[in-house]
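Tertiary structure, described
What follows is each chain in one-letter form.
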Amino acid sequence: MYLRQEATARAQRTTENLASSLQQTFDGMINTIDVALLSAVDEISRQHANKNVDPDSIRHLLERQAKRVPHLAFIRSTDQFGKIIYGVDQSRKTTYLDDREFFKRLRDDPNAGLVISEPVFAKIAQKWVWAFARRINHLDGSFAGVVYGSIYTDEIEKLFNQIHMEPGGSIAIRHQNVHLIARNTFQQSNPIPIGSTTISQPFQEALKSNAKSGSYISDATSTDPITRLYSFQRSSKYHYIINVGLSTEVALSGWRNLAISVGIVIALFTLCLLYLAHRIGFAWRQYDEVIINLKNSTEQLELKHQTLIRSENQHRSLLEKLHTAIVVHAPDTSILFSNSRAATMLGLNEDQMLGKFVADPTWSFVDEAGIKLHPDNYPVNRALLSKKSFTEMIMGIRHPNHFGIRWVQVSAFLENDEHNQLKQIVVNFNDITQQKEAELRWQFALDGAGDGVWDIDFVNGKGNFSERYLDMLGYPPGSFSEDYRELIDCIHPEDRGHLLDEMQRHLSHQTKQFSAEYRMRCADGTYKWIFGRGMVVSTDEFGKSLRMVGTHTDISAMKNAEEKIWIEANYDALTKLPNRRLFYDRIEENIKKAGREHERIALLFIDLDRFKEVNDTLGHDVGDQLLIQAATRIKSTVRVYDTVARLGGDEFTVILTGIHDSADVGHLAEKIIEHLSLPFVIGGIESYVSASIGIALYPDDASNVVELTKNADQAMYSAKDSGRQCFRFFTKTMQEDATQRMRLANDMRHALKQNQFMVYYQPIINLSDGKYCKAEALIRWQHPELGFISPASFIPIAEDTGTIHQIGDWVFSQALQQVRACQSLLAYPFQISVNKSPVQFLIERGDQHNWLDQLAASEVDGESIVIEITEGVLINNDVRVTQSLLQYRDAKIQVAIDDFGTGYSSLSYLKKFDVDYLKIDQSFTQSLSQNSSEYALCEAIIVMAHKLGIKVIAEGVETEQQHQLLQQMACDYGQGYWYSKPLPEATFMDFLDAKSKT
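Nothing here was measured: the structure is a model prediction, and the numbers come from that model.

Following the criterion strictly, the structure yields 34 salt bridges and no others. The partner of Arg 519 in a salt bridge is Glu 494, with the nearest N and O atoms 3.0 Å apart. Here the residue Arg 519 occupies a position in strand β20 (residues 514-521), and Glu 494 occupies one in helix α15 (residues 493-507), the gap between them amounting to 25 residues. A salt bridge links Lys 528 to Asp 554; the shortest N-O distance between them is 3.5 Å. Of this pair, Lys 528 sits in strand β21 (residues 527-539) while Asp 554 sits in strand β22 (residues 545-554), placing them 26 residues apart in sequence. For Lys 528, a relative accessible area of 26% gives the class partly exposed. Connected via shared salt-bridge partners are Glu 776, Glu 868, Lys 919 and Glu 955.

Moving on: the environment of Gly 901. By secondary structure assignment, the location of Gly 901 is in the loop between β35 (894-900) and α29 (907-912). For Gly 901, a relative accessible area of 27% gives the class partly exposed. Sequence separation between Gly 901 and Leu 918 is 17 residues; the distance between their C-alpha atoms is 9.4 Å. Dropping the residues within four chain positions of it, Gly 901 is found in contact with Glu 871 and Phe 924.

Overall, mixed pairing links the 5 strands, which are arranged β24-β25-β23-β28-β29 in an open sheet. Strands with a single pairing partner mark the edges of an open sheet, and in this sheet they are β24 (643-648) and β29 (727-729). Each strand axis lies, on average, 20° off the axis of its neighbour in the sheet, ignoring direction. Taken together, the 3 bridges between strand β28 (residues 690-698) and β29 define a ladder with parallel strand orientation. When the sheet's bridge partners are listed, Gly 694 is paired in β29 with Arg 728. The sheet strands contacting helix α17 (residues 580-597) are β23 (601-609), β24, β25 (651-656) and β28, and the helix crosses β23 at an angle near 155°. This element, helix α21 (residues 705-721), spans β23, β25, β28 and β29 of the sheet and lies at about 145° to β28.

Turning our eyes to something else, we now look at the packing of α17 against α21. For the pair α17 and α21, the least separation of the axes is 10 Å and the interaxial angle reads 115°. One element, α17, and the other, α21, form an angle in the roughly perpendicular class. Between α17 and α21 the crossing geometry is right-handed. Residues Phe 583, Tyr 584, Ile 587, Glu 588 and Ile 591 of α17 lie in contact with α21, whose contacting residues are Val 705, Leu 708 and Thr 709.

Our focus in this paragraph is the sheet that holds strand β8 (residues 180-184). Overall, antiparallel pairing links the 5 strands, which are arranged β8-β7-β11-β10-β9 in an open sheet. Two strands close off the open sheet at either side, each with one partner strand: β8 and β9 (213-218). Adjacent strand axes in the sheet meet at a mean angle of 15°, parallel and antiparallel pairs treated alike. Of the pairings in the sheet, the one linking strand β10 (residues 228-234) to strand β11 (residues 241-247) comprises 7 bridges and is antiparallel in character. Paired with Tyr 230 across the strands is Gly 245, a residue of β11. Relative to the sheet, helix α4 (residues 153-161) contacts β7 (170-174) and β8, its axis offset from that of β8 by approximately 35°.

Reading guide: rules and limits
Residues numbered from 1 in each chain as written. Predicted model: local features only at pLDDT ≥ 70, side-chain atom pairs only at ≥ 80, totals over all residues. Heavy atoms only, no water. Salt bridge = Lys/Arg side-chain N within 4 Å of Asp/Glu carboxyl O. Helix = DSSP H or I, 4+ residues; strand = E, 2+ residues; numbered from the N terminus. Buried < 20%, exposed > 50% of the residue type's maximum accessible area, 1.4 Å probe, protein only. Contact = heavy atoms within 4.5 Å. Pairing = 2+ DSSP bridges. Axes fitted to C-alpha atoms, helices over the stretch in contact; angles between N-to-C directions. Parallel < 35°, antiparallel > 145°, perpendicular 65-115°, else oblique. Left-handed = near helix turned anticlockwise from the far one by under 90°.

Right, dumping it as structure tokens:
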């Protein structure tokens, strides 16, 4: 019984060690495949992000990565629809993988990492493959396809075939859901097909008992006639299962033969004793024969011992062929066994390894920073001191007389005997030099890019922060302990919560990548804007995040530029007030808030009166300073939380919230007008403006932003029409006026083409001889629906819309035709005067050139035309006006000042400009009597004009008394209803014809 137990235990240890070693080998292989897939994903994502996809470079990359991984058949890539686009001969028929489970999972789960598929039958190769895949994302995070690599399952079976096992042995690898991936039964046929999930009952019970590892005996069945002793090992990282079995017949054959031999020996020995008792004499004769039999038995025992030794050597041979280096230590750390891979990795031969102690001075181990490890931190000593097994320790091996470092990932496992006493320590080494060097190159690239690097281990709370990371914040190396929470404390309090939330979301796998913008305190106490990003690189078997790495970029300059751009986009550069864009954002937000809380708000539109005069006469610099002071005065009159904005030019707005009484708004408007009416002292010069304010209330006058701003603007224009320097609340009448104004503006654009305009002529009499020698051309509009429309109604609209230019040109052309007709009718010279709007002078059109060209083409003498202008045109002192008047004078066109005495009457512009006529406004003439003040004023104007060589025309003469008084004052000409009302062209010609004959 003892011999059977010993043989069974030895066979179990053999299968356990082989299963563990194979699991380490396949983990290393999958790690290498994952690195290759990540490289392909990064390059494809980068080309997609740059919108410069090079198919040839991607295909070459996939080919290179596939060749670097042993046993990997190919690496291919699909688009978001599953179509294979890279890694396959383009001449082949189009193939889609959208029905594969690994494709569906990556498509539907943005946070899925490496996905390992069940064995699938390849559509292109028509062979069973084991596939590994990773997701490709667009720049916005949406699904762009997958990169996947595959191993042919028959290649895995060939790899198993390199392992020497007795006939009837079995090595299999299964997916985590027990789908069979590959199996080798060593000189026996394999009855289980690839992809099968059928497993024996003992295997099922063993998995239920311990899903990670275990042993069991599987009896012979109709499909698999061999009874085997199995051990299985599940990968903690990738969850596949390695299952190794030895035929019990082979494993226990040595025990049976030995037991038979011992039984024979005992039986013979018993017979000999019996025979000796009865036949001592005969026994002596048979002594030599017994000795010979004992010798034969001894030889048989030796033969069986040699068989056991060969079996162990076979297992050693298997371990020699594994990619993983294996070293088995005794409890005193001396080496009991090592494979050749371990000797090569450690820089020794096998003879030098055997019996060596872990603290041997010829070994030089370093940590990830390149610092020599203390012997207590050697893998064996670490496991012994902590009394715990461990995995994924990273260290470097520096060979004597070599400058390079071989980087390895180390696992150490403590194994106890049946008495729970430490029997041995198994240490596995996996060479990760290429992966580590790739990480170092990545680190070098990041350092070259100026980014800091951080690495946080959440298990022990330690953080590793690069020198560039600390230097970016002004901290010297060693300023912080390894506790990463110290640097978390440097995050600005306003940003810390958001940063930790984003990090937690990534740690709980809610996001595929961690990223956040936050401020960090520098060594000098200031803050810098940082963009941090990273990802989890290690998790346990339950998916808990263990380690996270990332980068740290200084984006302070970008943030400052963004803030500057935002300010420039939302604030007026001159007054620093919110501009039109920000104003509309705020009024919209205030309306939403007022709607929710059932409050009222008031919107004030403020326009500075006579600002243009200041700007044109004193210059734009003075105008700018005046606007700055005006903005300050407006802000000083409102509450701190009210919004004052500049929409452009001399237009300002005020948003008042929480309004209870509209009278309070009126008082505030009066206060603003009062403040803006005070003198502005700029450069020692006093300037005066006033303000016209329009007010609209929400929700009283409007229900949305567009209506509210439109109504406030209409109210402001109403204030201007009411004489300026006042405020007006919006009323429904204003809406009607605005609607009428809009209709007239639209209809006016078609009036000229449709011949709706007419020119009337009002005769002007020479008071000295009674001749009608002049007339004023007056436009009339015969609207097809509204009838006659007064010029006072449509001329301001024409000026605002710009149609005044076309109308003015047409009137001038009609006047030229009419004056030529009048001169043909009369025997003396005749003049027609045409009104010219200030807008026609000040706009950059060059109307005077057009009129002068018409004059030259008509062959009418310039003295036959008079241009009537208002005093306001001259008082502005605009160079364009001066230039136009000089051109008229050169063309012999005369100039008349209309409505003289009602505006800024000044002798200075009468002397400066070549004025021919003054027209006394009808407001003086209509109240004219012998002893009235109007008489004195009219007389003074006439005397002054004559002294300056200017003739005078009195407008609005309606009575004979007014006619006689003007004659007494020696007024030159008279115009008014006393002589004739404005007449249409035909009637006017009849009037002149009749008067010329009398």
